[in-house]
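# Geometric and topological summary
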Amino acid sequence: MVIAATLLDELIAHAREEYDDECCGIVAYASGEGGVGEPPATKVHRATNIHASRKRFEIDGLELLRTLEEFEQAGWELGAIYHSHTHTAPYPSQTDINFAANWPGLEWVIVGLADGEPEVRCYLIEDGEVREVDLQVRS
Ligand SMILES: [Zn+2]
């Protein structure tokens, strides 16, 4: 993911506000058409974790649909889904990996808050395999 520092701060602020429940949300990327390299994140949408749980997250289906419509109208693409891990390392759990199977091609951003200082990591999860990818922060 390529993201501006201010946008990343928004995402981390969300994770801190929901602590110690997991937060979740959706990141739009600018349209990649005609551009060079990976399109940057352009919007962080805070979603409601319908479980309000420190162990798992699920975005309300209707909210997800509405958000995707908004993105489409703005000319953005669904780029990443983020959530926080408040008591474990920022690495996809088996639940995350299973969930990711429904969303091929998306990036998965996890904010780890277990160690005090937030640690943000980005993954691609394909066919049950987890691969960490670059998180490029632009000032
Ligand atoms: Zn998780």
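This text gives an overview of the structure that appears in the document. (Residues numbered from 1 in each chain as written. Predicted model: local features only at pLDDT ≥ 70, side-chain atom pairs only at ≥ 80, totals over all residues. Heavy atoms only, no water.)

### Thoughts on the sheet that holds strand 2 (residues 24–30)
The strand order across the open sheet built from six strands is 3-2-4-5-6-7, with neighbouring strands paired in mixed fashion. Two strands in the sheet have a free side with no partner beyond their single neighbour: strand 3 (41–47) and strand 7 (129–133). Each strand axis lies, on average, 30° off the axis of its neighbour in the sheet, ignoring direction. Note: strand 5 (residues 107–112) against strand 6 (residues 119–126), six bridges, orientation antiparallel. Counterpart to Val109 in the pairing with strand 6 is Cys122. (Pairing = 2+ DSSP bridges. Helix = DSSP H or I, 4+ residues; strand = E, 2+ residues; numbered from the N terminus. Axes fitted to C-alpha atoms, helices over the stretch in contact; angles between N-to-C directions.)

### Section: the packing of aromatic side chains
In the structure shown here, the tally under the stated rule is four aromatic pairs. Ring centres 6.0 Å apart and planes at 65° place the aromatic pair Phe71 and Trp76 in the edge-to-face group. Centre to centre, the rings of Tyr91 and Tyr123 are 5.5 Å apart; their planes meet at 80°, and the pair counts as edge-to-face. Placement of Tyr91 in the loop between strand 4 (76–85) and helix 3 (94–100) and of Tyr123 in strand 6 is noted, with a sequence separation of 32 residues between them. When its relative accessible area of 2% is taken as the criterion, Tyr123 is described as buried. (Phe/Tyr/Trp six-rings, centres within 6.5 Å; stacked < 30°, edge-to-face > 60°. Buried < 20%, exposed > 50% of the residue type's maximum accessible area, 1.4 Å probe, protein only.)

### Some details on the pattern of salt bridges
Counted by the stated rule, this structure contains four salt bridges. With its nearest N and O atoms 3.6 Å apart, the salt bridge here joins Asp20 to Arg54. Note that Asp20 is positioned in the loop between helix 1 (5–18) and strand 2 and Arg54 in the loop between strand 3 and helix 2 (61–74), a separation of 34 residues in sequence. On the basis of relative accessible area, Asp20 is assigned to the partly exposed category, the value being 27%. Residue Arg54 is classed as partly exposed on the basis of its relative accessible area, which comes to 44%. Where Arg121 meets Glu119, a salt bridge forms, and the shortest distance between an N and an O atom there is 2.7 Å. (Salt bridge = Lys/Arg side-chain N within 4 Å of Asp/Glu carboxyl O.)

### Things to note about the layout of surface pockets
Roughly 270 Å³ of volume is contained in the largest pocket. When residues in the lining of the largest pocket are grouped by element, the largest group, three residues, is from helix 3. Classifying every residue of the lining of the largest pocket gives two nonpolar, seven polar and six charged. (1 Å grid on protein atoms, 1.4 Å probe; cavity = no way out; pocket = protein on both sides within 12 Å on 5 of 7 lines; lining within 4 Å. Points joined across faces, edges and corners; volume = space filled by probe spheres on them. Nonpolar A, V, L, I, M, F, W, Y, C, P; charged D, E, K, R; others polar.)

### Let's talk about the coordination of the zinc ion
Protein-derived coordination of the zinc ion comes from His83 (NE2), His85 (NE2), Asp96 (OD) and Asp96 (OD), at a distance range of 2.0 to 2.7 Å. Taken in chain order, the donor set of the zinc ion reads H-x1-H-x10-D. Separated by eleven residues along the polypeptide, His85 in strand 4 and Asp96 in helix 3 bring together distant segments of the chain. One exposure class covers both His85 and Asp96, and it is buried. (Donors = N, O, S within 2.8 Å, 3.2 Å for Na, K, Ca; no water.)

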